[in-house]
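Coordinates in review
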Amino acid sequence: MDFSKAPNARKLQLCRTYFYAGFALLPFVWAINVCWCFEEAFRKPPFPEQSQLKRFVIYSAVGTLLWLVAIIAWIITFQTNRTSWGATADYMSFMIPLGSA
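Per an unreviewed UniProt entry, the chain carries the name Gamma-secretase subunit PEN-2 and comes from Drosophila guanche. Listed under Sequence similarities (unreviewed entry) in UniProt, the entry text for the chain is "Belongs to the PEN-2 family." UniProt lists a comment for the chain under the heading Subcellular location (unreviewed entry), and it reads "Membrane".

Pasting the structure below:
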C-alpha cells in the first residue's frame, strides 16, 4: 500500500487503528505504525490531521519501546535464573538445555 497517496483522513484512521490494535498484545503493530506514519507525521508540510497523527506515532513508539524493554528484562531474568527455578522453569521452556553455565 502506498501510504503517501491516501487522503489525510484515511492516514489518520489507519494510524489510529494500528495504535489500538497494538493493545491486543501485538507490539509489532505499533512498530509498523511508527515506520509507516513517521514520515507523514513529522516530515511532511503541516495539514489539519497531523497533530493527531503525531500523537499516535509517539504513543506507538513509546509502546514499542516499553514492550522491548519488558521482553529483554524477561529474557535476562529467565536465562540467569532458569536453573535455580527448577521444575517451574522447565515447564515454561520449549527446549530444556542440559546443564548450567
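Having seen the structure, we can now continue with the description.
So, on to the UniProt feature "transmembrane region" (unreviewed entry) in the chain. UniProt marks residues 17–36 and 56–76 with the feature "transmembrane region" (unreviewed entry), using the numbering shown here. Across residues 17–36, helical content stands at 75% and strand content at 0%; the span's end C-alpha atoms are separated by 13 Å. What you have in residues 56–76 is 100% helix and 0% strand, and the ends, taken at the C-alpha atoms, are 30 Å apart.

Before going further, it helps to examine helix α1 (residues 8–21). With 14 residues, α1 ought to run about 20 Å at 1.5 Å a step, and its terminal C-alpha atoms sit 20 Å apart, in line with that. Summarising the contacts, the buried residues of α1 are in contact with α2 (27–43) and α3 (50–85).

One can find Glu40 in helix α2. Of the polar contacts made by the side chain of Glu40, one reaches the side chain of Lys11; its length is 2.7 Å. Apart from the residues lying within four places of it in its own chain, the contact partners of Glu40 are Phe3, Ser4, Lys11, Phe47, Gln50 and Leu53.

With that out of the way, let us pick up the packing of aromatic side chains. If you walk through the whole model with that rule in mind, you get 12 aromatic pairs. When the ring of Phe19 is compared with that of Phe56, the centres are 5.4 Å apart and the planes differ by 50°; the resulting orientation is tilted. With Phe19 in helix α1 and Phe56 in helix α3, this residue pair connects regions lying 37 residues apart in the sequence. Accessibility classification places Phe19 together with Phe56 in one group, the buried group. Pairing Trp74 with Trp85 gives two aromatic rings, centres 6.1 Å apart and planes at 25°, and the pair type is stacked. By relative accessible area, Trp85 is classed as partly exposed at 30%. Here Lys11 stacks its cationic end above the ring of Phe47, 5.9 Å away from the centre of that ring. Taking the ring centre of Phe56 as reference, the NZ or CZ of Arg55 above it sits at 5.2 Å.

Reading the values: the criteria
Residues numbered from 1 in each chain as written. Predicted model: local features only at pLDDT ≥ 70, side-chain atom pairs only at ≥ 80, totals over all residues. Heavy atoms only, no water. UniProt positions renumbered as here; feature names shortened; annotations may be inferred. Helix = DSSP H or I, 4+ residues; strand = E, 2+ residues; numbered from the N terminus. Expected span 1.5 Å × (residues − 1). Contact = heavy atoms within 4.5 Å. Polar contact = N/O pair within 3.5 Å; in protein donor to acceptor, adjacent residues only side chain to side chain. Phe/Tyr/Trp six-rings, centres within 6.5 Å; stacked < 30°, edge-to-face > 60°. Buried < 20%, exposed > 50% of the residue type's maximum accessible area, 1.4 Å probe, protein only. Lys NZ or Arg CZ within 6 Å of the ring centre and 35° of its normal.

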